[in-house]
Amino acid sequence: MKLDPFYLIVDSAAWIARLAPLGVKLVQLRIKEMDEQNLKAEIAEAKRICAGHDCQLIVNDHWRLAIETGCDFIHLGQEDLTEADLGAIRAAGMKLGISTHDGAELRTALAEKPEYVALGPVYPTILKKMKWAPQGLDRLADWRKRVGDVPLVAIGGLNPERLPGVFGAGADSAAVVTDITLNPDPEARTREWLAATEKWR
């Protein structure tokens, strides 16, 4: 499959409602702390918004609720991968993306034949405390060789200025969180990202 080169990650359906109308075609809903009833409602609302804007929704972690709400794409971290029922995920016809940070995790991910693998953090990130040092473009290029035809997502510390290096190293898509959500004008920054990724679309 082909991923859009601009991969937005947000923590609410409200963010998707703000930014999807600008032309975002790939978005992950990543919510960490929320009760199940409200989480299910958020996923359903995100799905509804994305459907109206021809935008692919990827649900982070919450694979059971993603199945219940009829979503078709899930992203799992390595910890979640060990606990998820991958048989149920595939039986539901869902596509799968998996996070990786080192060689062992990459082997684990590729064994599941995912629709994409993600590598991060490419650059230092303020999103969360990471036990991995920044991976850098050389590691990204190495991942490109290792994954073969599997789409590769770069994440961590990315901004429009760093995109030529990231795509030059072999990434198919660049994931972004705080460069947009913490920007004083998220809509304007989203438009910058859309313009900056257009040549790889």
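Analysis parameters
The residue count restarts for each chain, going from 1 along the sequence in the order it is written. The predicted origin of the model limits local features to residues at a pLDDT of at least 70 and limits the giving and counting of side-chain atom pairs to 80 or more, whereas totals for whole chains, interfaces and linings rest on all residues. Side-chain metrics rest on all non-hydrogen atoms present in the structure, leaving aside hydrogens and water. Numbering of helices and strands starts at the N terminus; helices are DSSP runs of H or I of at least 4 residues and strands are runs of E of at least 2. Based on C-alpha atoms, the radius of gyration is set beside the globule rule, defined as 2.2 Å times the residue count to the power 0.38. Buried residues are those whose accessible area, probed at 1.4 Å on protein chains only, stays under 20% of the maximum for their type, while exposed residues exceed 50% and partly exposed ones sit between those limits. Exposure was quantified through the Shrake-Rupley algorithm and a 1.4 Å probe, taking into account, for residues, occlusion by the shown protein chains and nothing else. Residues belong to a common nonpolar core when they are buried Ala, Val, Leu, Ile, Met, Phe, Trp, Tyr or Cys residues joined through side-chain atoms within 4.5 Å. In this analysis, the expected span of each helix is defined as 1.5 Å times one less than the number of residues it contains. In what follows, residue pairs with any heavy atoms lying within 4.5 Å of each other are defined as contacts. In this description, the arc belongs to the directions extending from the helix axis to the C-beta atoms. Pairing between strands requires that DSSP locate at least two bridges from one strand to the other. Looking down the strands as they point away from you, a crossover is right-handed if its path from the first strand over the helix to the second goes clockwise.

Below, the discussion takes up the overall build of the protein. A tally of regular secondary structure across the protein gives 10 helices and eight strands. For 201 residues, the compact-globule estimate of 2.2 N^0.38 gives 17 Å, and the C-alpha radius of gyration of the protein, at 16 Å, lies within 12% of that figure. Across its three principal axes, the protein shows a C-alpha extent of roughly 40 × 40 × 30 Å. Among the 201 residues that make up the protein, the fraction classed as buried is 50%. With the model as given, the accessible surface of the protein reaches about 9400 Å², and the carbon-plus-sulfur share is 49%.

Let's shift gears to the nonpolar core. Counting 56 residues, the largest nonpolar core has L8, I16, V27, L57, I74 and L76 as its most contacted members. With five residues, the top contributor of residues to this core is helix α2 (residues 36-52).

Let us look at the side chain of T69. With respect to the element layout, T69 can be found in the loop between α3 (63-68) and β4 (73-76). Among the residues examined, T69 registers a relative accessible area of 15% and is labelled buried.

Moving on, we get to helix α10 (residues 186-197). Between the first and last C-alpha of α10 there are 16 Å, a value that for 12 residues agrees with the 16 Å anticipated at 1.5 Å per step. Packing partners of the buried residues in α10 comprise β1 (6-10), α1 (13-19), α8 (163-168), β8 (173-176) and α9 (178-181).

Quick look at the environment of E68 now. In this structure, E68 sits in helix α3. Put simply, E68 and D35 are 33 residues apart on the chain and 16 Å apart in space, counted from C-alpha to C-alpha.

The subject of this paragraph is helix α7 (residues 136-147). Think of an α-helix as turning once every 3.6 residues; residues three or four places apart then point the same way. The end-to-end C-alpha distance of α7, which contains 12 residues, comes to 17 Å, matching closely the 16 Å that a straight helix rising 1.5 Å per residue would cover. What α7 keeps buried is the set L140, W143, R144 and V147. Summarising the axial view, the buried residues of α7 lie within an arc of 105 degrees, below the 170-degree limit, and thus occupy one face. Turned more than 90 degrees from where α7 packs its buried face, D138 and K145 sit exposed. Those residues of α7 that are buried lie in contact with β5 (95-100), α6 (103-111), β6 (116-119), β7 (152-155) and α8. Once α7 finishes, G148 follows within two positions and takes phi at roughly 65 degrees, a positive value.

Across the junction of G120 and P121, the peptide omega takes the value -10 degrees, indicating a cis bond. In this structure, D61 is a non-glycine residue whose phi angle is positive, near 70 degrees. Structurally, D61 can be placed in the loop between β3 (56-60) and α3. Overall, D61 belongs to the buried group, its relative accessible area being 13%.

On β8, burial covers both faces: S173 and A175 on one face and A174 and V176 on the other are all buried. Note that β1 and β8 share three bridges and pair parallel. Bridge pairing links Y7 to A175 in β8. Bridge count between β7 and β8: three bridges; the pairing is parallel. Across the sheet, the residue bridging to A154 is A174, located in β8.

Looking now at the pairing of β6. A two-sided burial pattern is seen for β6, the buried positions comprising Y116 and A118 on one face and V117 and L119 on the other. Bridge count between β5 and β6: four bridges; the pairing is parallel. The partner of I98 across the bridge, within β6, is V117. One crossover worth recording links β5 to the parallel β6 by way of α6, and it is right-handed. Pairing of β6 with β7 involves three bridges; the strand directions are parallel. Counterpart to L119 in the pairing with β7 is A154.

By themselves, these observations are geometric and do not establish any function.
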